[in-house]
Amino acid sequence: MTLNSLQSALSTPDLSLELDATQLRELVNTVLDHLAPHIDQLPDRPAWESPDDIAAEAIAAAPRPEGRSEWSTTLDELFSQRLSPSYNPASPGYLGYIPGGGLLHAAIADLIADVLNRYTTVWVAGPGLVQLETDVIRWFSDLMGLGPDAGGFLTTGGSLANWSAVFTARCCRLPEDFLKGTIYTSRQSHHSILRAAHLAGFPASRVRSIETDDDCRMDLAQLEQAITEDRRNGLTPFLLVGQGGSTNTGAVDPLETLADIAQREQLWFHVDAAYGGFFQLTERGRQQLAGIARADSITLDPHKGLFLPYGTGCLLVRSRQTLHAAHGMHADYLPPMQEDDDRIDYCQVSPELSRDFRSLRVWLPLKIHGFETFKNYLDEKLDLVQWTAQQLENIPSLEIITQPSLSILTFRLQPPGVTDLAINELNQQLLTEINRSGEVFLTATDLNGCFTIRICVLCFRTHLERLEACVQRIRDACQALTPAAS
Ligand SMILES: *Cc1c(COP(=O)(O)O)cnc(C)c1O
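What you see is a predicted model; the values in this text were computed from it and never measured.

Caption draft 1: Fine view of the pattern of salt bridges. Applying the stated rule across the entire model yields 26 salt bridges. The closest approach of N and O atoms between R284 and D383, which form a salt bridge, is 2.9 Å. With R284 in helix 10 (residues 283-288) and D383 in helix 13 (residues 359-392), the pair connects residues that are 99 residues apart, well separated along the chain. For D383, a relative accessible area of 41% translates into the label partly exposed. Residue D356 pairs with R361 through a salt bridge whose shortest N-O separation is 3.1 Å. Taking relative accessible area as the criterion, D356 reaches 30% and is therefore assigned partly exposed. Residue class for R361 comes out buried when judged on its relative accessible area of 7%. Among the ionic contacts, a cluster of salt bridges with common partners joins D110, E352, D356, R358 and R361.

Spelled out as structure tokens, the structure:
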């Protein structure tokens, strides 16, 4: 290309990717025309819909768009063709898996963060904004009682936080040739622990899944035996993972005793509190989680216990230096990194470089509502599951398998004289029946080979009214399936 033709090509740039202030306002309003009715109708919409009802065109491979499309038709496609059917973890009736939430304040924070598009992974690029993450991390680590040297970072979720924890423990406790290292966790732990171990380089043969007691808490005698045996075989126990609220039943391992064992055996003590950690805000939660303050690292999921939209996890460590030792790197093209301990370059303490300005999504709702509001909501969830347990106890042939632990309880229908196999089938039918109307959505798990139904209360929108409806559904379904008892 000649200079002239270059110059004429460059003199009329395509400006279609720009939005001016008026266009931005207009566009946001168009989006709000979809979102506002969505929020208004949320409580009346089903908590889940079966994927079997999906229209073929919604999941057909789409051709690559070459030209432009109208906003209105594109938004229509999203809201009217793709949104339904789906599970709705933002619904008050969603009591399956671990409910979501999706605080709207956090969604607005995301809009602000993405419009600003600041680079918050190195301190010099935006010290005031980077400090938001540092503050959030300090608020969380103070809540957990981790002490003055604590640090951490925000991740996309608990799985990534667990990975970074295992990796940090490996780097701090094992030699470069680390394959003699062994990891201890419970049979009830989240599968992301095993995956974290794999991703951190450990084969399954280096992970011990310790059996649990009747309350689904780690069996301490078996733990100690496994550690002793591994040492005898020339292996190097280095990491103990406790559950700060299991996904299955909400069980909290005896963290205080695990901390004693970790200390005596010189193991890194990690607590996976992705589900349960924020119950630390409540008196009852603090009692159950006693000992968490002695952890070397803790996984939290603000997108669970703080009701944030998906994509927000957190890893805390007792000593910031350990994160730095594991993740710190040098590159010639990056700005100089900070020496001052208070000026944190997040790329030096975490696995990511460029990332979204995710701290705003945590900071803004906390700042607007205060921790007290979240504490009150979490106390309500604890009350709700207690109330539900009391109601279920009055249903004939229904057996509570695990009493409420944090905000999860499990149950099963067990009419006398029915065989184990038939009981599993019966409970599968029961679950289908309970979920049929979409007013509530429960899920099941396998506890010692038994199909067991769970109720997990965590969405901020879930209140007494919905659990009354849930209990009524369960009562009706039980009656329909055990005609003899009616
Ligand atoms: C949800 C959960 C995880 C995984 O977190 P993600 O945010 O889904 O990646 C890990 N551990 C426990 C106990 C959980 O409940």
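Let's pick the thread back up.
Caption draft 2: Representation of helix 12 (residues 320-327). Along helix 12, the positions that sit buried rather than exposed are R320, T322, L323, A326 and H327. Along the axis of helix 12, the buried residues cluster in a sector spanning 160°; they form a single face. Among the structural elements, strand 1 (151-155), helix 6 (158-173), strand 5 (268-273) and strand 7 (313-317) are those in contact with the buried residues of helix 12.

Caption draft 3: Representation of the packing of helix 14 (residues 420-435) against helix 15 (residues 464-481) within the structure. It is at 9 Å that the axes of helix 14 and helix 15 come closest, and there the two elements cross at 135°. On the basis of the axis angle, helix 14 is oblique to helix 15. Here helix 14 runs over helix 15; the crossing is right-handed. Between helix 14 and helix 15, the contacting residues are L426, Q429, L430, E433 and I434 on the first element and R473, I474, A477, C478 and L481 on the second. For the contact of helix 14 with helix 15, a count of residues per class yields 7 nonpolar, 1 polar and 2 charged.

Caption draft 4: Broad picture of the nonpolar core. Among the nonpolar cores identified, the biggest contains 70 residues, and F140, L223, L240, F269, I298, L300 and L316 are the most heavily contacted of them. For this core, the element with the most residues is helix 13, which contributes 8 residues. Beyond its immediate sequence surroundings of up to four residues, L316 is in contact with I137, F140, S141, M144, L146, G151, G152, D296, S297, I298 and L300.

Caption draft 5: How the structure looks around the state of the cysteines. One pass over the full model with this rule turns up 0 disulfides. Here C347 is not cross-linked by a disulfide; its sulfur's nearest cysteine counterpart is in C171, at 16 Å. Free cysteine: C459, not disulfide-bonded; nearest cysteine sulfur from C456 at 11 Å. Residue C459 is classed as buried on the basis of its relative accessible area, which comes to 0%.

Caption draft 6: Representation of the pairing of strand 11 (residues 450-456). Counting buried residues in strand 11 gives 6 out of 7 residues, a clear majority hidden from the surface. Looking at chain direction, strand 9 (residues 408-413) and strand 11 are connected through 4 bridges and run antiparallel. Each bridged residue has a counterpart across the sheet, and for L409 the counterpart in strand 11 is I455. As judged from the 5 bridges shared by strand 10 (residues 443-447) and strand 11, these two strands associate in the antiparallel manner. Bridge assignment links D446 to a residue of strand 11, and that residue is F451.

Thresholds applied
Residues numbered from 1 in each chain as written. Predicted model: local features only at pLDDT ≥ 70, side-chain atom pairs only at ≥ 80, totals over all residues. Heavy atoms only, no water. Salt bridge = Lys/Arg side-chain N within 4 Å of Asp/Glu carboxyl O. Helix = DSSP H or I, 4+ residues; strand = E, 2+ residues; numbered from the N terminus. Buried < 20%, exposed > 50% of the residue type's maximum accessible area, 1.4 Å probe, protein only. Arc of directions from axis to C-beta. Contact = heavy atoms within 4.5 Å. Axes fitted to C-alpha atoms, helices over the stretch in contact; angles between N-to-C directions. Parallel < 35°, antiparallel > 145°, perpendicular 65-115°, else oblique. Left-handed = near helix turned anticlockwise from the far one by under 90°. Nonpolar A, V, L, I, M, F, W, Y, C, P; charged D, E, K, R; others polar. Core = buried A, V, L, I, M, F, W, Y, C linked by side-chain atoms within 4.5 Å. Disulfide = S-S within 2.5 Å. Pairing = 2+ DSSP bridges.

Worth remembering: the numbers are spatial, not functional.
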